[in-house]
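Observations on chain architecture
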Amino acid sequence: GGPLDVINVLNFAARTGGATRYDTAAALFTAGGFTSTGAVLASGENFPDALSANYLAGRLGTGTLLTTPLGLSQATLLALLSSHTVTTVYITGGTAAVSQAVQDQIDALHQQNNPALPLFITVRLGGADRYATNQLVNEYHFAVTSTSVLLASGANWPDALSAGPIAVGKQMPLIITRGATLGGQE
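What comes next is a walk through the structure.

Cut-offs and rules
Residues numbered from 1 in each chain as written. Predicted model: local features only at pLDDT ≥ 70, side-chain atom pairs only at ≥ 80, totals over all residues. Heavy atoms only, no water. Axes fitted to C-alpha atoms, helices over the stretch in contact; angles between N-to-C directions. Helix = DSSP H or I, 4+ residues; strand = E, 2+ residues; numbered from the N terminus. Parallel < 35°, antiparallel > 145°, perpendicular 65-115°, else oblique. Left-handed = near helix turned anticlockwise from the far one by under 90°. Contact = heavy atoms within 4.5 Å. Buried < 20%, exposed > 50% of the residue type's maximum accessible area, 1.4 Å probe, protein only. Arc of directions from axis to C-beta. Core = buried A, V, L, I, M, F, W, Y, C linked by side-chain atoms within 4.5 Å. Pairing = 2+ DSSP bridges. Nonpolar A, V, L, I, M, F, W, Y, C, P; charged D, E, K, R; others polar. Polar contact = N/O pair within 3.5 Å; in protein donor to acceptor, adjacent residues only side chain to side chain.

Before going further, it helps to spend a moment on the packing of helix α2 (residues 48–60) against helix α6 (residues 158–169). At a closest axis distance of 9 Å, the pairing of α2 and α6 adopts a crossing angle of 20°. Judged by the inter-axis angle, α2 sits roughly parallel to α6. Seen from above, α2 lies across α6 with right-handed handedness. Residue-level contacts link L51, N54, Y55, G58 and R59 of α2 to A160, L161, G164, P165, A167 and V168 of α6.

See the structure below:
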């Protein structure tokens, strides 16, 4: 039992990222190898609806793309158009988070950028605030097999972000709260 040599090897070539959050989300989406017919779109400007988008993407077996409120980035647009499986884009958040102009932009795109293929379908899951959006996502056509739920604060992002994959894995709803009360109730 002599001393052990410890070697840390980091493979930076395997790193996935981009110059902006939009580029990084698009790179991760593209590298994910998802076969789902859905893609989830959330605002890249603020975190609340992205917490529900993270959970929704897990339930749909897909990734999350980001957008500015007023228009798709080139990276997000290319990620959607290069997908060979996506037919539906799920928008999380109301029109203040992801504008109607963004939805209209997606509605005008043909799948795989091929005019012979149908246009993308958009489904908006956006409520009056982050809590109403979260409720819409939780109620969206998912079979609930658990009698438990995961609760996380909607006032800050780390706990809900971390809990999203756990909730998906255990098929529990992820409910974001104000911290002292459930949902958006005062």
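The structure having been displayed, the exposition proceeds.
Here the focus is helix α4 (residues 100–107). For α4, the complete set of buried residues consists of V102, Q103 and I106. Viewed end-on, α4 has its buried residues packed into an arc of 100°, placing them on one side of the element. Residues of α4 that are buried in the fold lie against β1 (38–43), β2 (64–67), α3 (74–82), β3 (88–92) and β4 (121–125).

Ranked by size, the top nonpolar core spans 24 residues in total, and within it V40, Y55, L56, Y90, L125, Y140 and L174 carry the most contacts. Elements represented by at least two residues in this core include exactly α1 (21–31), β1, α2, β4, α5 (130–138), α6 and β6 (174–177). Considering each element in turn, this core owes the most residues, five residues, to α2. If sequence neighbours within four positions are ignored, Y55 has contacts with V137, N138, G164, A167, V168, M172, P173 and L174.

This part takes up the pairing of β1. In terms of residue burial, β1 counts as a mostly covered element, since six of its six residues are buried. Going residue by residue along β1, you find G38, V40 and A42 tucked away on one face and A39, L41 and S43 tucked away on the opposite face as well. Bridge count for β1 against β3 is four bridges, and the pairing is parallel. Looking at β3, one finds that V40 is bridged to Y90. Examined bridge by bridge, β1 and β2 share four bridges and lie parallel to one another. The partner of V40 across the bridge, within β2, is T64.

Further remarks concern the packing of α1 against α3. One can describe the packing of α1 onto α3 by two numbers: an axis separation of 8 Å at closest approach and a directional angle of 15°. One finds that α1 runs roughly parallel with respect to α3. Here α1 runs over α3; the crossing is left-handed. Contacts between α1 and α3 pair Y22, D23, A26, F29 and T30 from the former with A75, T76 and A79 from the latter. Considering only residue class, the contact of α1 with α3 consists of five nonpolar, two polar and one charged.

For the rest of this paragraph, the subject is unusual backbone geometry. Of note, the phi angle at N113 is positive, near 60°, even though the residue is not glycine. Examined against the element boundaries, N113 turns out to sit in the loop between α4 and β4.

The next subject is the side chain of T122. By secondary structure assignment, the location of T122 is in strand β4. For T122, the side chain forms a polar contact with the side chain of Q103, separated by 3.2 Å. For T122, the side chain forms a polar contact with the side chain of D107, separated by 2.7 Å. Ignoring sequence-local partners within four residues, the contact set of T122 consists of V89, I91, Q103, I106 and D107.

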